[in-house]
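Residue-level structure breakdown
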Amino acid sequence: MVQAKSWILAKHFDGFPKDSDFKLKVEELPGPKDGEVILEAVFLSVDPYMRPFSKLYMKEGDVMIGTQVAKVIQSKNSAFPVGSHVVSSCGWRTHALSDGKDLTLLMADWPKDVPMSLAVGTVGMPGLTALYGVEAVLQVQKGETLLVNAAAGAVGTVVGQIGKIKGCKVVGSAGSDAKVAYLKQLGFDEAFNYKTVPSLEEALKKAAPEGYDCFFENVGGQFSTIALQQMKEFGRIAVCGGISTYHDAAHQTGPYPLTTINWKQVKIEGFMQSRWTSDHPQGLKKLMGWVKEGKLKYREHVTRGFENMPAAFMGMLHGENTGKAIITV
């Protein structure tokens, strides 16, 4: 028998999450039956999507949703031998019993000098989100100007670097001077701290007086409204998220910039990386190739200890992380 710990959603979030919304559960897992494996978490992920998804897809008492890199410690499934590592969507658990259907083996040629934690970061779901948003949705072209907000996060850092690989001018917005400095290290052409600029509108104009061809949207709210006014004609906006609105008790309303969208002939498209599931193997190889070539750099914000997952989650939502927020067990 294996003792498994999990964090459950004790109460749906009302505004910003708090400690009392989570509860630690301990249970004993039975041994695996034919076709099953037992997993032991190595790296767990906390991501912004968990906040809105918890309301849409979870009920109180459910294990918090999420992905992890896990090691197979018991197996009766030949596809996942003991000692192999997988990416699992089993949520916030130290151990899990799986029939293998939700598991993806780490690529066989994963380099020894690349941390396996990147499988839930730059070479995982966040990286794929950035890749598809830039290549499939925005379809950026060399010489275009690309804007990305929440640019120092797990997705934004990858978006900006892919933009540079594609030959774009890249402008990033982040929430601290240290994050802005990191964006400059990554090769962003312009970056600014949206919390300290006197005028967001003027900061955007100064960074790209010619306007923006493409906008990778992670924030929503006021930023979205102001940035839209500075899109070029036939500009494209990829809506990945709206973290500024996730904790609102009531949906924000207006302004309604339909005239701007119409006159500028702007294309706005929401997307999720799951649309391109069949392309994941190829996408992951492309991301890993850029990492190995030194074209795609990464930074991780590491929290140690499974007991600290709620704190890590809330810290990520507060913007404490630069790069990918992960938890080591």
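Residues numbered from 1 in each chain as written. Predicted model: local features only at pLDDT ≥ 70, side-chain atom pairs only at ≥ 80, totals over all residues. Heavy atoms only, no water.

Per an unreviewed UniProt entry, the chain goes by Prostaglandin reductase 1 and derives from Xenotaenia resolanae. Checking UniProt for the chain, the heading Subunit (unreviewed entry) contains the comment "Monomer or homodimer." UniProt lists a comment for the chain under the heading Subcellular location (unreviewed entry), and it reads "Cytoplasm". (UniProt positions renumbered as here; feature names shortened; annotations may be inferred.)

So, on to the pattern of salt bridges. If you walk through the whole model with that rule in mind, you get 13 salt bridges. Between Asp 189 and Lys 164 there is a salt bridge whose closest N-O contact spans 2.8 Å. Of this pair, Asp 189 sits in the loop between α4 (177-186) and β10 (190-193) while Lys 164 sits in helix α3 (residues 154-165), placing them 25 residues apart in sequence. Of the residues examined, Asp 189 reaches a relative accessible area of 33% and is grouped as partly exposed. In this structure, Lys 169 and Glu 210 form a salt bridge, with 3.6 Å as the shortest nitrogen-oxygen distance. Of this pair, Lys 169 sits in strand β9 (residues 169-174) while Glu 210 sits in the loop between α5 (200-207) and β11 (212-217); the two residues are 41 residues apart in sequence, bridging distant segments of the chain. Of the residues examined, Glu 210 reaches a relative accessible area of 37% and is grouped as partly exposed. (Salt bridge = Lys/Arg side-chain N within 4 Å of Asp/Glu carboxyl O. Helix = DSSP H or I, 4+ residues; strand = E, 2+ residues; numbered from the N terminus. Buried < 20%, exposed > 50% of the residue type's maximum accessible area, 1.4 Å probe, protein only.)

Judged by nonpolar contacts, the single largest core of 46 residues is most densely connected at Trp 110, Val 159, Ile 162, Leu 183, Phe 216 and Leu 287. Secondary structure elements with two or more residues in this core: α2 (125-138), β8 (145-148), α3, β9, α4, β11 and α8 (280-293). If one sorts the elements of this core by residue count, α2 sits on top with seven residues. The next biggest cluster of nonpolar side chains, apart from the first, holds 19 residues, and it includes Ala 41, Leu 44, Met 64 and Leu 317. (Core = buried A, V, L, I, M, F, W, Y, C linked by side-chain atoms within 4.5 Å.)

A separate point is the UniProt feature "domain: Enoyl reductase (ER)" (unreviewed entry) in the chain. Taking the numbering used here, the UniProt-annotated feature "domain: Enoyl reductase (ER)" (unreviewed entry) corresponds to residues 18-327. Across residues 18-327, helical content stands at 29% and strand content at 25%; the span's end C-alpha atoms are separated by 18 Å.

The next thing to look at is the side chain of Thr 303. Mapped onto the fold, Thr 303 is located in strand β14 (residues 300-304). The class for Thr 303 is buried, based on a relative accessible area of 18%. When residues no more than four places from it in sequence are discounted, the contact partners of Thr 303 are Asn 308, Ala 312, Ile 326, Ile 327 and Thr 328. (Contact = heavy atoms within 4.5 Å.)

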